Amino acid sequence: MTFRNGLASLLRPEDSVVVLIDHQPYQLANLNSHDPQAVVNNSTALAKVARVFNVPTILTSVIAERGGLIFPQITDVFPEQDVIDRTFINTWEDRKVVDVVKATGRKQLIIAGLWTEICVAMPVIQALGEGWDVTVITDACGAVSVEAHQVAIQRMIAAGANMMTWVALAAEWQRDWARTEHAAELTDVFKHHAAGSGIAYLWEQQLLNTPVPGKAA
């Protein structure tokens, strides 16, 4: 097994492409590995972070007329973008999706979707076999059970995939707070989606803008 380490192995926005798979009502209805609200929040945050860093993001659903449209929280991030609807369970067998990804010219492939054990694991394992550098954003995924999610992650790691959360990805893309180009936008995503960290930031700003009380006479 080739270890994924060293500075060059870290993710870079200019080399990344994101594929969000099947964040749809049908899959959410039987999601039991995570709090469904958390998955909607995290997948939305992932989409917003990709937009902040201008990372190409492909949205795809499976038989949307029966399984439902991708969550509006995600599609609203990319209002001008069409969703690629598939019949293939394995996204990487759909040439429309793969051709769009290849057209970006990028090789750091970042995937999240529902369910982890099926619609994430299949394309991840196939893409790894084709030489892609694949990262799965685990907290923007979910499965029908905790076991199904964990086994899928173990299976993908064994195949050579990298595992991260959306906050870890955002930090890796940002890399240096001296890079101010996207810092304000990224902070705004944290405020709305990073729970305690976002609220703590708002509190910090409040305290910094609160006058220090005068000394008692």
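Structural data are supplied above this passage.
Every value quoted in this text rests on a predicted model; they were computed, and no experiment measured them.

Participant: How should I be thinking about the packing of helix α9 (residues 183-193) against helix α10 (residues 196-208) in this particular structure?
Facilitator: When two helices pack together, you describe them by how their axes are tilted relative to each other and by the distance separating the axes. Relative to each other, α9 and α10 sit at 115°, their axes nearing to 6 Å. Put simply, α9 runs roughly perpendicular to α10. Crossing handedness for the pair α9 and α10: left-handed. Residues Thr187, Phe190 and Lys191 of α9 pack against Gly198, Tyr201 and Leu202 of α10. Looking at the contact of α9 with α10 residue by residue, the class counts come to 3 nonpolar, 2 polar and 1 charged.

Participant: Help me out: how do you make sense of the packing of aromatic side chains in this one?
Facilitator: Centre-to-centre distance and the angle between the planes together describe a pair of aromatic rings. Applying the stated criterion to the full structure yields 4 aromatic pairs. Ring geometry for Tyr26 against Trp115: centres 6.1 Å apart, planes inclined by 40°, an arrangement best described as tilted. Linking Tyr26 in helix α1 (residues 25-29) with Trp115 in the loop between β4 (108-113) and α6 (116-129), this pair joins segments that are 89 residues apart in sequence. Relative to Phe190, the ring of Trp166 has its centre 5.8 Å away and its plane inclined at 50°; by these criteria the two rings are tilted. Here the residue Trp166 occupies a position in helix α8 (residues 166-174), and Phe190 occupies one in helix α9, the gap between them amounting to 24 residues. For the pair shown, Trp166 and Phe190 are each scored as buried. Lys107 extends its terminal NZ or CZ atom over the ring of Trp132, reaching a point 4.1 Å from the ring centre.

Participant: Help me understand the pattern of salt bridges, please; the structure alone is not making it clear to me.
Facilitator: A side chain of one charge can pair with a side chain of the opposite charge when the charged atoms of the two come close. For the structure shown, the criterion picks out 6 salt bridges. Across the pair Asp133 and Arg4 runs a salt bridge whose closest N-O atoms are separated by 3.2 Å. Placement of the pair is Asp133 in strand β5 (residues 133-137) and Arg4 in the segment before β1 (16-21), with a sequence separation of 129 residues. Judged by its relative accessible area of 26%, Asp133 is partly exposed. The exposure class of Arg4 is partly exposed, given its relative accessible area of 31%. With its nearest N and O atoms 3.3 Å apart, the salt bridge here joins Asp94 to Lys96.

Cut-offs and rules
Residues numbered from 1 in each chain as written. Predicted model: local features only at pLDDT ≥ 70, side-chain atom pairs only at ≥ 80, totals over all residues. Heavy atoms only, no water. Axes fitted to C-alpha atoms, helices over the stretch in contact; angles between N-to-C directions. Helix = DSSP H or I, 4+ residues; strand = E, 2+ residues; numbered from the N terminus. Parallel < 35°, antiparallel > 145°, perpendicular 65-115°, else oblique. Left-handed = near helix turned anticlockwise from the far one by under 90°. Contact = heavy atoms within 4.5 Å. Nonpolar A, V, L, I, M, F, W, Y, C, P; charged D, E, K, R; others polar. Phe/Tyr/Trp six-rings, centres within 6.5 Å; stacked < 30°, edge-to-face > 60°. Buried < 20%, exposed > 50% of the residue type's maximum accessible area, 1.4 Å probe, protein only. Lys NZ or Arg CZ within 6 Å of the ring centre and 35° of its normal. Salt bridge = Lys/Arg side-chain N within 4 Å of Asp/Glu carboxyl O.

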